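# Survey of secondary and tertiary structure
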Amino acid sequence: MGLLSGMMGNASKLDPRDAAKEFGRLLAQGEQIHAAYQLVRDSFLFTDRRLILVDKQGMTGKKVEYHSVPYKAITQFSVETAGHFDMDAELKIWVSSADAPISKQFGKGVDVYEVQALLAAFMAR
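The rules behind these values
Residues numbered from 1 in each chain as written. Predicted model: local features only at pLDDT ≥ 70, side-chain atom pairs only at ≥ 80, totals over all residues. Heavy atoms only, no water. Core = buried A, V, L, I, M, F, W, Y, C linked by side-chain atoms within 4.5 Å. Buried < 20%, exposed > 50% of the residue type's maximum accessible area, 1.4 Å probe, protein only. Helix = DSSP H or I, 4+ residues; strand = E, 2+ residues; numbered from the N terminus. Contact = heavy atoms within 4.5 Å. pLDDT = per-residue confidence, 0-100.

## Some words on the nonpolar core
Counting 22 residues, the largest nonpolar core has Tyr37, Phe46, Leu51, Ile93 and Phe106 as the members making the most contacts within it. Among the secondary structure elements, those contributing two or more residues to this core are strand S2 (33-38), strand S3 (43-47), strand S4 (50-57), strand S7 (89-95), strand S8 (102-106) and helix H3 (112-123). Take this core: its biggest share by element is 5 residues, from H3. Counting 9 residues, the second-largest nonpolar core is a separate cluster that includes Ala19, Phe23, Ile52 and Val54.

Have a look at this one:
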């Protein structure tokens, strides 16, 4: 991922195997990461059971919040593709227990249609 892209808040795609090595302790037995994305320090993981948001906090990033969202708690989502002047795609996810959606920005290197397909497939289970 380019540093400039990360500083702008854009997510880039991670290899699911690398994400599993880094975040394997978060996974339940038999749970698999299907897709992973990273900002400068934060990450979000799409597993076969849930969405995991990793929020590194503070100057050192030693304090970390792991937010787990079961797919059944997601009530709706939207994907806005990148345009000519707006180079970023945006994903918004509404969770039943929250007022505001979870919002993530994707740079041009990420296939936002793939993200949309993952959410649609896991929510349909």
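Past the structure itself, the notes keep going.
## Some points on the environment of Val95
With respect to the helices and strands, the residue Val95 is situated in strand S7. Among the residues examined, Val95 registers a relative accessible area of 12% and is labelled buried. For the pair Val95 and Lys72, spaced 23 residues apart in sequence, the C-alpha to C-alpha distance is 9.0 Å. If we skip the residues at most four places from it in the chain, Val95 touches Val69, Ala73, Ile74, Thr75 and Ile102.

## Quick word on the confidence of the model for the protein
Mean pLDDT over the protein stands at 84; residues scoring 70 or higher make up 86%. Per-element confidence in the protein is highest for helix H2 (residues 16-23), whose mean pLDDT is 95, and lowest for helix H1 (residues 3-7), whose mean pLDDT is 40.

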